[in-house]
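Now for the letters of each chain:
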Amino acid sequence: MARVVMAVNSNYFNDARVQKEALALLRSGYAVTVFALTMPGPREQNHLGVRLVNPTTGKLARFPYRLSYLKAYWQTLRALLKEQAEVWHAHDLEMLPFVYTAARLKGGKLVYDSHELWPGYDWPGRGGGLGAVRRLVWRFWLRLEKKLARRCHLVITVNRSCAGEIAKKLGIKTPLVLRNCADPARGGAIGGSGLREKLGLTAGRPLVVYAGLLQAGRGLENLLRAWGGLPAGAHLALIGYGPAECGLKKMAAQAGFDNVHFLAPVPARELAEYIRGASLGVVLIEGSDLSKYYSLPNKLFEYLAAGVPVLASGLPEIRRLVEEYRVGVFADPRDPEDIRSVLDALLSGRAGALDQLRQNALRASRYLTWQREVGLLINEYAKLTGKTRG
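The written sequence of each chain sets the order in which its residues are numbered from 1. Local features in this predicted model are restricted to residues whose pLDDT is 70 or higher, and side-chain atom pairs enter the listing and the counts only when it is 80 or higher, whereas totals over whole chains, interfaces and linings include all residues. The side-chain quantities take in all heavy atoms of the structure and omit both hydrogens and water.

Notes on the overall build of the protein chain
Part 1 of the argument: Helical segments are the DSSP runs of H or I of at least four residues, strand segments are the runs of E of at least two, and each set is numbered from the N terminus. Regarding its fold elements, the protein chain presents 16 helices and 14 strands.
Part 2 of the argument: Radius of gyration here is computed from C-alpha atoms only, and the compact-globule reference equals 2.2 Å multiplied by the residue count raised to the power 0.38. A globule of 390 residues ought to have a C-alpha radius of gyration of about 21 Å, and the protein chain, at 21 Å, matches this closely.
Part 3 of the argument: Principal-axis analysis of the C-alpha atoms gives the protein chain an extent of 65 × 50 × 40 Å.
Part 4 of the argument: Each residue's exposure class comes from its accessible area (1.4 Å probe, protein chains only) as a fraction of the maximum for that residue type: buried when under 20%, exposed when over 50%, partly exposed otherwise. Each of the 390 residues in the protein chain was classed as buried or not, and the buried ones make up 56%.
Part 5 of the argument: A sequence separation of at least 24 residues applies to 66% of the contacts in the protein chain between residues at least 6 apart.
Part 6 of the argument: Surface accessibility in these figures is a Shrake-Rupley result with a 1.4 Å probe; residues are shielded only by whichever protein chains are displayed. In the structure as shown, the protein chain presents an accessible area of about 16700 Å², 51% of it carried by carbon and sulfur atoms. Any pair of residues with heavy atoms lying within 4.5 Å of one another is described as a contacting pair.

Side note on the packing of aromatic side chains
The relative placement of two aromatic rings is captured by the distance of their centres and the angle of their planes.
Part 1 of the argument: Two rings belonging to Phe, Tyr or Trp (six-membered ring only in the last case) form a pair when the distance between their centres is within 6.5 Å. Interplanar angles under 30 degrees mark stacking, angles over 60 mark edge-to-face geometry, and anything in between is tilted. In this structure the tally under the stated criterion is 8 aromatic pairs.
Part 2 of the argument: Between Y73 and F98, the ring centres sit 5.2 Å apart and the planes meet at 25 degrees, which makes this aromatic pair stacked. A residue pair is termed long-range when its members are at least 10 positions apart, and Y73 in helix α2 (residues 70–80) and F98 in helix α3 (residues 96–106) qualify at 25 residues.
Part 3 of the argument: Relative accessible area serves as the criterion here: at 2%, Y73 is assigned to the buried category.
Part 4 of the argument: The exposure class assigned to F98 is buried, which follows from its relative accessible area of 14%.
Part 5 of the argument: With centroids separated by 5.1 Å and ring planes inclined at 65 degrees, the aromatic side chains of Y293 and Y294 adopt a geometry described as edge-to-face.
Part 6 of the argument: According to the relative accessible area criterion, Y293 is partly exposed, its value standing at 35%.
Part 7 of the argument: Members of the aromatic cluster, connected to one another through ring pairs, are W118, Y121 and W138.
Part 8 of the argument: Comment: the charge-over-ring label is applied if NZ (Lys) or CZ (Arg) is within 6 Å of the ring centre and within 35 degrees of the ring normal. Across the ring face of W370, the terminal group of K20 is positioned such that the distance to the ring centre comes to 4.8 Å.
Part 9 of the argument: Directly above the aromatic system of F330 lies the positively charged group of R319, at a separation of 4.0 Å from the ring centroid.

Observations concerning helix α1 (residues 16–27)
Part 1 of the argument: With 12 residues, α1 extends 16 Å from end C-alpha to end C-alpha; this agrees with the ideal 16 Å at 1.5 Å per step.
Part 2 of the argument: Among the 12 residues in α1, 10 count as buried, and that is most of the element.
Part 3 of the argument: Among all positions of α1, only A16, R17, V18, Q19, K20, E21, A22, L23, A24 and L25 are buried. By this rule, a helix spans an expected 1.5 Å times one less than how many residues it contains.

Worth remembering: the numbers are spatial, not functional.
What follows is the structure in structure tokens.
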């Protein structure tokens, strides 16, 4: 049985892409180990047959720019070097050097799975002190990506635009595009759902949902500013947590909204079923840097898997998919009045526009499935390992 070792600087249980890839490879006959550096609980676990390891005890940062962060990365490298694998799979740039080193010293094929467009990612501007140090560190990491990506046997990314930019900026052949599709919810999208039941809302009540990290750059503050004056009886559910949570709760309280609900996140594999029957999903990503500008978020596919149409920003990859399947409408995430106007037109039920979008989302859910998309990954792995697909 061919062995795969993945590494990711995240909590495996909150990382939908890593989970889905690992489980798909497991079902295709690979033995899969995932090093998940922020996974809580026991240092070694098993999830549905996937072996999970967190070797770290030191402080972590996405990219180490203080000496105190180096301990965790040294622990990771040391643990990786105890493994044997036919394929070493690095999720994102911060894992690439360590997985590359393991592949070089232990033997095996190297896969780089870039979830972001790192040459267009403004890491130095995303918080933390020591700005000058972060800029120097970032230049080093970008040079390292360019060097190591050329030595990979397979490079993967999340959409067509990112693939083109990565090929151009790193000087490699166009990466495999593996979108973050999601398999459809088991029930129909018009009926009830766990979320509606939890909030005590009947099927006829408008319910707008946002699922994901509560942080800047998602249009959430402007969504709350837009919420006043919308049709009576409409509800907004924000599912997740994050650095903007306290500020958003304060905004909602100060505005006196009793129809805005903050809810704990649910596992990615359960989200589509949970939000099934919502009226509209929010994907108001702001194009704050090139990586965000070309993003195609998980939540877009998760809404569609639930048969939920979307209120989206008009960034290129989001617009391409929404227009192709006619599953949503657009608003400027920086303009509360525009958001309010679009929501009002849809939620008031004029001309049945929302009903048509729901039907389109249901149709799209049957095409934009992970089961179909992941075949691309399995085919490439078969080439790397000489394995015949069953």
